[in-house]
Amino acid sequence: MKNEILMERSHYNADVANVSPGQTVTVAGWVRKRRDLGNLVFVDLYDRSAVLQVVFDPERNPELVDSASALTRETVLTVRGKVSSRPEEALNPDMITGRVELIADSFTIHSTSALPPIQMTGGPESNEELRLRYRYLDLRRSEMFQIFNVRHQTYQYVRSFYVENGFIEVTTPQLMRSTPEGARDFLVPSRLHFGSCYALPQSPQLMKQILMISAFDRYFQIARCFRDEDSRADRQPEFTQIDVEMSFTSIETLFAIHEKLFAGLFKSMLDLDIPTPFRRITWQNAMDWYGSDKPDLRFNMKIKDVTSIVSDSGIGFIDSVAAGGGVVRLVCYPDGAKLSRKQISELENVAKKRGANGMLAVKVTDGETISGTILEKKLSKEKQTLLLEVAEAKAGDLLCIVAGDRMTVSEALGDVRLEIAGRENLKSDEYEFVWVTEFPLVEYDPEDNRCYAMHHPFTAPMEEDLQYLDTDPVRCRAQAYDLVLNGVELGGGSVRIHKPELQQRMFAALGISKELAESQFGFFLEALKYGTPPHCGIAFGFDRLIMILAGTDNLRDVIAFPKTLQAVCLMTRAPSTVTDDQLNAVGLQRKPNSESSKTTKQN
Ligand code: ASP
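All chains use their own residue numbering, which begins from 1 and follows the written sequence. For a predicted model such as this one, the threshold for reporting local features is a pLDDT of at least 70, and the threshold for listing and counting side-chain atom pairs is 80 or more; totals across whole chains, interfaces and linings nevertheless cover every residue. Side-chain calculation: all heavy atoms of the structure are included, whereas hydrogens and water are not.

Asks: I would appreciate a short explanation of the site of the ligand in the present structure.
Replies: Definition of nearness: a residue and a molecule or strand are near each other if at least one heavy atom of the residue lies within 4 Å of the molecule or strand. Near the ligand lie 13 residues; those nearest to it are Gln205, Lys208, His455, His456 and Arg496. In protein, a polar contact requires one atom able to donate a hydrogen and another able to accept it; more generally it is a pair of N or O atoms within 3.5 Å, and residues adjacent in sequence count only if both atoms are side-chain atoms. Here a nitrogen atom of the ligand sits 3.1 Å away from a polar atom, N or O, in the side chain of Ser203. Arg496 is positioned such that a nitrogen or oxygen atom in its side chain is 2.8 Å from an oxygen atom of the ligand. Starting from 270 Å² of accessible surface for the ligand in isolation, the protein chains cover 88%. At the level of secondary structure, the elements contributing two or more residues to the shell around the ligand comprise α6 (205–213), β21 (488–495) and β22 (535–541). Where helices and strands are cited, they refer to DSSP runs of H or I of at least four residues and of E of at least two residues respectively, numbered from the N terminus. Here the shell around the ligand gets 3 residues from one element, more than from any other, and that element is β22. Residue polarity is assigned by list, with Asp, Glu, Lys and Arg as charged and Ala, Val, Leu, Ile, Met, Phe, Trp, Tyr, Cys and Pro as nonpolar; anything else, Gly included, falls into the polar class. The class makeup of the residues in the shell around the ligand is 2 nonpolar, 8 polar and 3 charged. Working definition of accessibility: Shrake-Rupley area with a 1.4 Å probe, residue cover restricted to the visible protein chains.

Now the structure itself:
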């Protein structure tokens, strides 16, 4: 019996909590901690479900206690023993298994561990670089397993939701044709076709549209996407999207389906009742009122336009802004009159960082008048009262006023608004979903002197704006929408262009010549000719969704083997140099002093 090799468990640790005392069970896992108390040895045994206290008791089993001294940290073992209720003074309500312990009868050590270089339990977390280097140990911590369990459950929920709603799951290729619109592609050189490259998909956009042409009608995929962008805290070069496309339907139906998805998911994962339908706001209103296309609606504090009130009062800079077609707007900082000069200038810096020339901070003295600035001197009493009315200000508030072009003012005050809410803790605990609709179709880039699609070039313009497409595309609004939650973009999509002529006009509006369109998207333009249904779709950032559901603000925490900000996997040291033979096979040559070879060498 003693020499028997124990392998399989009869119970996970967490389940032992429900086993009647006296019953024999076999558990398996890793030694998290060992405490020798006189003759007794206590081991905290970890498996993915919970930690269980295992007791080696000399009165019951003297030889076992001797061999228990070999149980160093992270040793892997299987233990058989009797479940016992803990004595009153040893109950631990913080542990799932805190009412029981296992009195060991026999155990098998499967392997031992080198001393873990990261903190496995308790105490402050090790620094992230170390955690990523030893990701296998980091993932062995229960905090991390919980996150991946949330991720796993979300996969299952999302999959069954779409299946129940008539969607079919299709896997689209990872080796694609490069279509250099949008972000930079990751390239995969081809060995069989010297000099040619595949590209990793930035999203399955064209494939899912083609599936609509193929009559698949409702498609979804939990898709891997790749974008070769410069490092940003909230981005990973590879990420996961919930990708969806639907034919013969409307924005209304797409919204309703996804409201049901998110309300159901948040109920199931967080036991939260999310009211539906979600709010909606046009892009223009989101920018005007909240200074962002990702408005955080957990607090109100709308931006107010006061151009007509403050202009023509002989305030030089305001009059010239107004004459140039600019605007004067404000946010009202509740009880902000108490701010010190330094605090006000910090707030002004927030606005300046977003391009504002400055910010006028006006204290509201008694609810009817303002004090301390040029406005007080130049504005009539009536205008001051009107200004405060529009600002919905009360005594003790601070008006933060910015003048300039509409976009700069919106963005600057949008940031000021967020800064105030952060400082004053104004955000409620609610989950405020909102659809942002009617995005601009294109954005003009003065540097390149051309327009770029705001969403992507396959997005349909709004019917009523089609008239501007050829002459003034910047005026066109798109049938595009984002879903935003508490200031975070969860996803976005659009109604697609389903007529080849319109798609050609869109390419022309983007300054993409017929020849270029043909060479890059010829296959797609051809497909459009073969009976394309009206269709629309959306994609949601899966990793970001998991961050919200798991309550972490670190994107890397929800990806099993993430890359650093420098796009490096610290565990495997990818990317790495490859041999000359490998390069030769795909027709590439190393350029010893080039920038890119420097980057790979560092890693
Ligand atoms: N493919 C788009 C994206 O990745 C989403 C969509 O339009 O469905 O952003």
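Asks: Help me understand helix α5 (residues 142–164) in this model?
Replies: Note: α-helices contain 3.6 residues per turn, so residues at a spacing of three or four share the same orientation. The terminal C-alpha atoms of α5 lie 33 Å apart, and with 23 residues this matches the ideal 33 Å at 1.5 Å per residue to within 8%. Summary of the burial criterion: residues with accessible area below 20% of their type's maximum are buried, those above 50% are exposed, and those between are partly exposed, where the area comes from a 1.4 Å probe applied to protein chains only. Among the residues making up α5, those that are buried are Met144, Ile147, Phe148, Val150, Arg151, Thr154, Val158, Phe161 and Tyr162. Positioned one or two residues after α5, Gly166 has a phi angle of 80°, which is positive. One less than the number of residues in a helix, times 1.5 Å, gives the span that helix is expected to have.

Asks: What's the story with the pattern of salt bridges in this structure? I'm lost.
Replies: Charged atoms that come close allow side chains of opposite charge to pair. Any Lys or Arg side-chain nitrogen located within 4 Å of an Asp or Glu carboxyl oxygen qualifies as a salt bridge. Evaluation of the coordinates by the stated rule reveals 45 salt bridges. For Arg329, the salt bridge goes to Asp288, with nearest N and O atoms at 2.9 Å. In this pair, Arg329 is assigned in strand β13 (residues 327–333) and Asp288 in helix α8 (residues 283–290), connecting sequence segments 41 residues apart. One salt bridge in this structure joins Glu392 and Lys304, with 3.2 Å as the shortest N-O distance. Of this pair, Glu392 sits in the loop between α13 (381–391) and β16 (398–404) while Lys304 sits in strand β12 (residues 304–305), placing them 88 residues apart in sequence. Under the relative-accessibility criterion, Glu392 is labelled exposed at 62%.

Asks: Got a minute to help me understand unusual backbone geometry in this structure?
Replies: Excluding glycine, most residues fall at negative phi; most peptide bonds, likewise, are trans. That bond from Thr276 to Pro277 is cis: its omega, -10°, falls within 30 degrees of zero. Within the secondary structure, Pro277 is located in the loop between α7 (251–270) and β11 (279–282). A positive phi is found at Asp335, a non-glycine position, where the angle reads about 55°. Residue placement: Asp335 occurs in the loop between β13 and α11 (341–353). Here Asn425, not a glycine, exhibits a phi torsion of approximately 55°, which is positive. Relative to the assigned elements, Asn425 resides in the loop between α14 (406–424) and β17 (433–437).

Asks: What's the story with the sheet that holds strand β6 (residues 168–169) in this structure? I'm lost.
Replies: Strands in a sheet are paired, the pairing made by backbone hydrogen bonds, and the direction either parallel or antiparallel. Two strands form a pair only when DSSP identifies at least two bridges running between them. Judged by pairing direction, the sheet is mixed, and its 8 strands sit side by side in the order β6-β9-β10-β22-β21-β20-β17-β11 without closing on themselves. Either end of the sheet is taken by a strand with one partner, and the two such strands are β6 and β11. Where β11 lies against β17, 4 bridges are found, and the strand directions are parallel. Note on β17: the bridge partner recorded for Arg279 is Val434. Here, two residues are considered to be in contact whenever any of their heavy atoms come within 4.5 Å of each other. For helices, the axis comes from a line fit to the C-alpha atoms of the stretch in contact; other axes are also lines fit to C-alpha atoms, and the angle between any two N-to-C directions lies between 0 and 180 degrees. Each of β9 (218–226), β10 (238–247) and β22 touches α6; the most contacted strand, β10, lies at about 25° to it. Running over the sheet, helix α17 (residues 542–550) touches β10, β20 (480–485), β21 and β22 and is turned about 110° from β10.

Asks: Could you clarify how one ought to interpret the side chain of Asn165 in this entry?
Replies: Looking at the secondary structure, you find Asn165 in the loop between α5 and β6. Setting aside anything within four residues of it in sequence, one finds Asn165 in contact with Arg218 and Lys260.

Asks: Which parts of the structure should I look at to understand the packing of α7 against α17?
Replies: The relative placement of two packed helices is expressed as an angle between their axes plus a distance between the axes. Taken N-terminus to C-terminus, the directions of α7 and α17 make an angle of 40°; their axes are 11 Å apart at the nearest point. Taken together, α7 and α17 sit at an angle that is classed as oblique. Between α7 and α17 the crossing geometry is right-handed. Contact residues: Phe262, Leu265, Phe266, Met269 and Leu270 in α7; Leu545, Ile548 and Leu549 in α17. Partitioned by chemical class, the residues of the contact of α7 with α17 number 8 nonpolar, no polar and no charged. Each angle receives one of four descriptions, namely roughly parallel if under 35 degrees, roughly antiparallel if over 145, roughly perpendicular if within 65 to 115, and oblique otherwise. Here is the rule for handedness: rotate from the far helix to the near one, and if that takes an anticlockwise turn smaller than a right angle the crossing is left-handed, while a clockwise turn gives right-handed.

Asks: Got a minute to help me understand the nonpolar core in this structure?
Replies: Most often, soluble globular proteins keep nonpolar side chains buried together rather than apart. Tyr162, Phe262, Phe266 and Phe433 are the most contacted members of the largest nonpolar core, which has 78 residues in total. Residue contributions to this core peak at 9 residues, all from α7. If we skip the residues at most four places from it in the chain, Phe433 touches Phe262, Phe266, Ile274, Phe278, Arg279, Leu483, Val484, Leu485 and Leu490. In this description, a nonpolar core means a group of buried Ala, Val, Leu, Ile, Met, Phe, Trp, Tyr and Cys residues linked to one another through side-chain atoms lying within 4.5 Å.

Asks: Got a minute to help me understand α11 in this structure?
Replies: Given a rise of 1.5 Å per residue, 13 residues ought to cover 18 Å, and the 18 Å separating the end C-alpha atoms of α11 matches this to within 8%. Listed in full, the buried residues belonging to α11 are Ile344, Leu347, Val350 and Ala351. Projected down its long axis, α11 shows its buried positions confined to an angular sector of 105°, all on one face. Across from the buried face of α11, at angles greater than 90 degrees, the exposed residues are Arg341, Lys342 and Lys353. Check the buried side of α11 and you find it contacts β13, β14 (360–364), β16 and α14. In the stretch just after α11, Gly355 is the one whose phi turns positive, near 100°. The directions from the helix axis to the C-beta atoms are what the arc is built from.

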